[in-house]
Amino acid sequence: MVPLKGTSKPARLSLSMTPISIRPYQATDAASLTGLFRDSVRSIAARDYTTAQLHAWAPDVIDEGKFGHRCASKATWVAEVGSRIAGFSDLEPDGHIDMLYVHPDFQRRGIARALLRHVEETARAKDLRRLYTEASITARPAFEAVGFRVIVPQTVALRGEVMTNYRMEKRLVAQADLPPPTL
């Protein structure tokens, strides 16, 4: 604990002081990301979805090979804090963000924002004009915080359960359309 500036009250050091590193997905990440996905859905999304919906979304048995292939089939990045995997996200060639998950221990610490910033920088470098996703009720605020807007709420069926998510997008100005830097 360190005292807050101008006060004698102690404050906890936050993870925001610990650097978040973002690296490309590696095949050896499959098991960790599968577990992170399940843990994140089942603990964080529990405030917005029923137990049955959570188990349909993140079942007890998830094929790590298929999950790993899903990550390897597109640009996927892993966020680390220290030596721990804190979250992951991806970007498909058309600007679709299929997955954004943050480990329960790292919620509200800037991980989602850092991943989305990285995804956006990559999209801009590829001259993509928009990013889009289907965000859960739980993830919607994280996407809105970085400029996404809801296009339409959706009802989706998954493994016999029906749940709500949001089709969201963020329009981008491509690198080619940005004014040249001033010297």
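Our subject is the structure that appears above.
Residues numbered from 1 in each chain as written. Predicted model: local features only at pLDDT ≥ 70, side-chain atom pairs only at ≥ 80, totals over all residues. Heavy atoms only, no water.

## Some details on the pairing of strand β5 (residues 84–91)
Step number 1: Most of β5 sits out of view: seven of its eight residues are buried.
Step number 2: In the sheet, strand β4 (residues 75–81) pairs with β5 via seven bridges, with the strands oriented antiparallel. Counted as the bridge partner of A75 is L91 from β5.
Step number 3: Where β4 folds back on β5, the antiparallel hairpin that results is connected by two residues, among which G82 adopts a positive phi of roughly 65°. (Buried < 20%, exposed > 50% of the residue type's maximum accessible area, 1.4 Å probe, protein only. Helix = DSSP H or I, 4+ residues; strand = E, 2+ residues; numbered from the N terminus. Pairing = 2+ DSSP bridges.)

## Quick notes on the packing of aromatic side chains
Step number 1: In total, this model carries six aromatic pairs according to the counting rule given.
Step number 2: With a centroid separation of 6.1 Å and an interplanar angle of 80°, the aromatic rings of F67 and F88 are classed as edge-to-face. Taken together, the positions of F67 in helix α3 (residues 64–72) and F88 in strand β5 put the pair 21 residues apart, joining distant regions of the chain.
Step number 3: On the basis of relative accessibility, which here comes to 5%, the residue F67 falls in the buried class.
Step number 4: Among the residues examined, F88 registers a relative accessible area of 0% and is labelled buried.
Step number 5: Aromatic pair F143 and F148: ring centres 5.0 Å apart, planes at 80°, arrangement edge-to-face.
Step number 6: Judged by relative accessible area, F148 falls into the buried class, the value being 5%. (Phe/Tyr/Trp six-rings, centres within 6.5 Å; stacked < 30°, edge-to-face > 60°.)

## Description of the packing of helix α1 (residues 30–44) against α3
Step number 1: The geometry of α1 relative to α3 is characterised by a closest axis approach of 9 Å and an angle of 95° between their N-to-C directions. The angle between α1 and α3 places the two elements in the roughly perpendicular class. Packed against α1, whose contacting residues are A30, A31, L33, T34 and F37, the element α3 presents E64, F67, G68 and C71 at the interface.
Step number 2: Considering only residue class, the contact of α1 with α3 consists of six nonpolar, two polar and one charged. (Axes fitted to C-alpha atoms, helices over the stretch in contact; angles between N-to-C directions. Parallel < 35°, antiparallel > 145°, perpendicular 65-115°, else oblique. Contact = heavy atoms within 4.5 Å. Nonpolar A, V, L, I, M, F, W, Y, C, P; charged D, E, K, R; others polar.)

## Quick notes on the sheet that holds strand β9 (residues 149–158)
Step number 1: Strand order across the open sheet formed by four strands is β6-β8-β10-β9, with mixed pairing between neighbours. The two strands at the open ends of the sheet, each matched to only one other strand, are β6 (96–97) and β9.
Step number 2: Pairing analysis gives nine bridges linking β9 to strand β10 (residues 161–171), with the strands arranged antiparallel. In the sheet register, L158 faces β10, and the bridge partner there is E161.

## Topic: the layout of surface pockets
Step number 1: Roughly 1,200 Å³ of internal volume is contained in the largest pocket.
Step number 2: For the lining of the largest pocket, the residue count by class is 29 nonpolar, eight polar and ten charged. (1 Å grid on protein atoms, 1.4 Å probe; cavity = no way out; pocket = protein on both sides within 12 Å on 5 of 7 lines; lining within 4 Å. Points joined across faces, edges and corners; volume = space filled by probe spheres on them.)

## Brief notes about the environment of A30
Step number 1: In this fold, A30 is placed in helix α1.
Step number 2: Separated by 42 residues in the primary sequence, A30 and A72 have C-alpha atoms spaced 9.2 Å apart.
Step number 3: Excluding residues that lie within four positions of it along the chain, A30 makes contacts with Y25, E64, F67 and G68.

## Some points on the side chain of H103
Step number 1: Take H103: it is sitting in the loop between β7 (100–102) and α4 (111–125).
Step number 2: Dropping the residues within four chain positions of it, H103 is found in contact with L36, R84, I85, A86 and G87.

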